[in-house]
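# Examining the three-dimensional arrangement
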Amino acid sequence: MARKKKSDKTLNVPTAPFRAGDEATFESWPWKPGDLGRPDPKKCSADDTIKHAHGLVRVLGDDNKASGDWNPELNADELRQGLEHMVRLRIFDDRMMKMQRTGKLSFYMRSFGEECVAIAQTMALETQDWIFPTYRQPGAQFVRGRDMVSMICHCLSNAEDNVKGRQMPVHYTYKEGRFISVSSPVGTQFSQAVGVAMASQYKGLDEVTITWIGDGATAEGDYHYALNFASVYNAPVILNVVNNQWAISTHANFARGGNEFASRGLPYGLVSIRVDGNDFLALYAVTQWARERAASGAGATHIEVLTYRLRGHYEGDPARYRELAELEEWKAKDPVARFTTTLAETGVVEAEKIDGLEAAARSRIETAAELALGAPVAEPDDATTDVYV
């Protein structure tokens, strides 16, 4: 039997950089637009993306001006559409939160601070591509054209809910948009997405699958199974780790060793990139690049989306576990505000029309909410509809 060592050292338990009450300090990002080149998506290898995995792909600089090889050069209509989707999602979340707080809705989770993740990335895909989301990618449904009344009816589990009350609120599914049902067990969608990508590959179809996972869920085995299968079978899949810093009250440091998640794909032989998740243009460009790579048969891309959850994990989470100064630091990187500034300064959207954009979104959402709230409640007999025993 081994003797106990005489040492002050013990089990290493990670912790957050700052906790509530700590003095928080922040340094400017060393990564700038133009630091990282855009390699050929059809020819590059994992080794060609080592700098991309340890660095950060940006298009918008600290002055919110676009530059660098990754600038996707979107036209004015595409830019305006992206902003409209993000503004609408933020207001939609606000309206749903009010419904939850007034007892009309049992549960809700917002995407506050992460709006451009699903929206920019889904806009960069083709309509035939498959989407395996988490509960913070509802914006993908806006891009795919889902009616907001349908979305709210799902959250209310009423008679018009397309899954007849068999899922928790915000666990959307949208067959017409190839938006696969959100799953409560974290991480399961990652390996499922690889399987669907492999099926598309086997059938010879021009389809790519995209999926997301949170930083905390990368500690699950599903994450590693997915990376291994994606690498071995060269699956046409885009694997996103959304690093929003916190898995409920557990900091990202508990789910990784090292400074980033992107580099974890390199030992699997996967092309790996870290991207500014609050930069609409960078997210669009990296996803478009990954889609082109997958469609060409070159294989999967592993992406870390660096962002921050500006609200609690769910409505009702007081978020007392993090320092207020950290929250304020990331509010300055708010993706909606940044993109609004970019489009206003370049003349794509006139500053005086921003309020009109918000007012129009608010009106549409209020109308949708009234219609959904007016729908009949589900009948008890519906519980056995479409159930086979």
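Chains are numbered independently. Their residues run from 1 in the order of the written sequence. At least 70 in pLDDT is required for a residue's local features to be given in this predicted model, at least 80 for side-chain atom pairs to be given and counted, and no such filter applies to totals for whole chains, interfaces and linings, which use all residues. Hydrogens are left out, water is left out, and the side-chain values use all remaining heavy atoms of the structure.

## Concerning the nonpolar core
- With 75 residues, the main nonpolar core has Trp 70, Phe 92, Ile 152 and Phe 280 as its most contacted residues.
- Among the elements that make up this core, the one with the highest residue count is helix α8 (residues 280-295) (10 residues).
- One finds Val 194, Ile 213, Val 237 and Phe 261 within the second-largest nonpolar core, a separate group that totals 20 residues. What is meant by a nonpolar core is a set of buried Ala, Val, Leu, Ile, Met, Phe, Trp, Tyr and Cys residues, joined one to another through side-chain atoms within 4.5 Å. A simple rule labels every residue: compare its accessible area, found with a 1.4 Å probe on the protein chains alone, to the largest value its type can have, and call it buried under 20%, exposed over 50%, or partly exposed in between. Every helix listed is a DSSP run of H or I at least four residues long, and every strand listed is a run of E at least two residues long, numbered separately from the N terminus.

## Regarding the packing of helix α2 (residues 76-101) against helix α5 (residues 148-156)
- Taken N-terminus to C-terminus, the directions of α2 and α5 make an angle of 30 degrees; their axes are 12 Å apart at the nearest point. In this structure, α2 meets α5 at a crossing whose hand is right-handed. Of α5, the residues touching α2 (which contributes Arg 88, Phe 92, Met 96 and Met 99) are Met 148, Met 151, Ile 152, Cys 155 and Leu 156.
- The class makeup of the residues in the contact of α2 with α5 is 8 nonpolar, no polar and 1 charged. For every element, the axis is a line fit to its C-alpha atoms; helices are fit only across the contacting stretch, and the angle between N-to-C directions ranges from 0 to 180 degrees. In this scheme the handedness of a crossing depends on how the near helix is turned from the far one: anticlockwise by less than a right angle means left-handed, clockwise means right-handed. Throughout, a residue-residue contact means that at least one pair of heavy atoms, one from each residue, lies within 4.5 Å. In this classification, Asp, Glu, Lys and Arg are treated as charged, Ala, Val, Leu, Ile, Met, Phe, Trp, Tyr, Cys and Pro as nonpolar, and every other residue, Gly included, as polar.

## Some details on helix α11 (residues 354-373)
- Under the convention used throughout, the expected extent of a helix is 1.5 Å for every residue step, that is, one less than its residue count. For α11, built from 20 residues, the straight-helix expectation of 28 Å at 1.5 Å per residue is met to within 8% by its first-to-last C-alpha distance of 29 Å.
- Within the sequence span of α11, burial applies to Ile 354, Ala 361, Ile 365, Ala 368, Ala 369 and Ala 372. The buried residues of α11 occupy one face: seen down the axis, they fall within an arc of 100 degrees. For α11, exposure combined with an orientation more than 90 degrees from the buried face picks out Asp 355, Glu 370 and Leu 371. The directions considered for the arc run from the helix axis to the C-beta atoms.

Honestly, it's all geometry; don't read function into it.
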